[in-house]
Amino acid sequence: MTETPPLPEGYEISADPARIDPERVHRWLSTDAYWALGRTREKQDRAIEGSLNFGVFETVSGEQVAYARVITDRATFAWLCDVYVDRSVRGKGIGTAFLAAVRDELRSYGVRRVLLATHDAHGVYERLGFAELEHPEHWMALIFGR
């Protein structure tokens, strides 16, 4: 497993649900994330309520600059999803440090497996220890609509 890179100065990570800005998260995801384009605010709010949520915040202003959501039983399995870093802070190392911290938090629960799906960020996740499924033919999905 790779080391946890430090978060750049002036930023902090929190899993406090009261700090998550649902309006900002919805705007990011529904307008700028290929996997969630057009997602309704109601659906996003339900997703937030039913998940473990993480954010990166500017320490001075308290403004949220990144988000990640995890669906987990906190014992055996986790699904990492809705990872988003605001365009204004990309390239500063925030995303990598953020994801490493989320990974480490999930490891502390003792979960055996953390899954995710990505179309274009394989390299980012590989640097954090993620790998392609060993036996993808063993996995199945039930999809209710497109």
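Anything mentioned here points back to the structure above.
As the structure is a prediction and not an experimental result, all values here were calculated from the model. (Residues numbered from 1 in each chain as written. Predicted model: local features only at pLDDT ≥ 70, side-chain atom pairs only at ≥ 80, totals over all residues. Heavy atoms only, no water.)

Visitor: Now, about the pairing of strand S2 (residues 52–58): what can you tell me, with residues and values included?
Guide: For S2, a buried count of six out of seven residues is recorded, marking the element as mostly surrounded by other parts of the structure. With four bridges joining them, strand S1 (residues 11–14) and S2 adopt antiparallel strand pairing. Paired with glutamate 12 across the bridge in S2 is phenylalanine 57. Across six bridges, the pairing between S2 and strand S3 (residues 64–72) is antiparallel. Paired with phenylalanine 57 across the bridge in S3 is glutamine 64. Between S2 and S3, which pair antiparallel and follow one another directly, the connecting turn spans five residues, one of which, glycine 62, has a positive phi of 80°. (Buried < 20%, exposed > 50% of the residue type's maximum accessible area, 1.4 Å probe, protein only. Helix = DSSP H or I, 4+ residues; strand = E, 2+ residues; numbered from the N terminus. Pairing = 2+ DSSP bridges.)

Visitor: Any details on the packing of aromatic side chains? Residues and values, ideally.
Guide: The geometry of an aromatic ring pair is captured by the separation of the ring centres together with the interplanar angle, meaning the angle of the planes. Counting across every chain of the model gives three aromatic pairs. Between tyrosine 34 and tryptophan 35, the aromatic rings sit 5.1 Å apart at their centres with planes inclined by 85°, giving edge-to-face as the arrangement. Ring centres of tyrosine 125 and phenylalanine 130 lie 5.7 Å apart, and the angle between their planes is 80°; on these two criteria the pair is classed as edge-to-face. Directly above the ring of phenylalanine 57 sits arginine 19, whose terminal nitrogen or CZ lies 4.1 Å from the centroid. Sitting above the plane of the tyrosine 84 ring, arginine 90 keeps its charged end 5.0 Å from the centroid. (Phe/Tyr/Trp six-rings, centres within 6.5 Å; stacked < 30°, edge-to-face > 60°. Lys NZ or Arg CZ within 6 Å of the ring centre and 35° of its normal.)

Visitor: Explain the pairing of S3 to me, using residue names and the numbers behind them.
Guide: Burial runs high along S3: seven of the nine residues are buried. Sheet analysis places S3 next to strand S4 (residues 77–85), joined by six bridges and oriented antiparallel. Residue valine 70 lies in a different strand from S4, and its bridge partner there is leucine 80.

Visitor: Let's hear about a nonpolar patch on the surface: which residues, and what values?
Guide: Nonpolar side chains collect at one region of the surface, where Ile71, Phe77, Trp79, Leu133 and Trp139 lie side by side and expose about 420 Å² of accessible area between them. Within the secondary structure layout, tryptophan 139 lies in the segment after helix H4 (122–126). (Patch = residues over 30% accessible without salt bridge, like charges linked within 9 Å, V, L, I, M, F, W, Y side chains within 5 Å. Areas by Shrake-Rupley, 256 points an atom, 1.4 Å probe, with all protein chains shown as cover. Salt bridge = Lys/Arg side-chain N within 4 Å of Asp/Glu carboxyl O.)

Visitor: Give a description of the pattern of salt bridges that names residues and reports values.
Guide: Summed over all chains, the structure comprises 11 salt bridges. Salt-bridge contacts for arginine 24 lead to glutamate 63; the nearest nitrogen and oxygen are separated by 2.7 Å. Pair noted here: arginine 24 is in helix H1 (residues 22–32) and glutamate 63 is in the loop between S2 and S3, with a separation of 39 residues, a long-range link. Looking at glutamate 63, the relative accessible area reads 35%, which means it is partly exposed.

Visitor: Break down the side chain of histidine 26 for me, citing the residues and quoting the values.
Guide: Mapped onto the elements, histidine 26 comes out in helix H1. Setting aside residues up to four positions removed in sequence, histidine 26 forms contacts with Thr31, Arg39, Thr40, Arg41 and Gln44. (Contact = heavy atoms within 4.5 Å.)

Visitor: An account of the side chain of glutamine 64 is requested, with residue identities and associated values reported.
Guide: Looking at the element boundaries, glutamine 64 is found in strand S3. For glutamine 64, a relative accessible area of 3% gives the class buried. In terms of polar contacts, glutamine 64 uses its side chain to reach the backbone amide nitrogen of aspartate 21, at 2.8 Å. Ignoring any residue separated from it by four or fewer positions in sequence, one finds glutamine 64 in contact with Arg19, Ile20, Asp21, Arg24, Val25, Trp28, Gly55, Val56 and Phe57. (Polar contact = N/O pair within 3.5 Å; in protein donor to acceptor, adjacent residues only side chain to side chain.)

The values reported here are purely geometric and, on their own, carry no functional implication.
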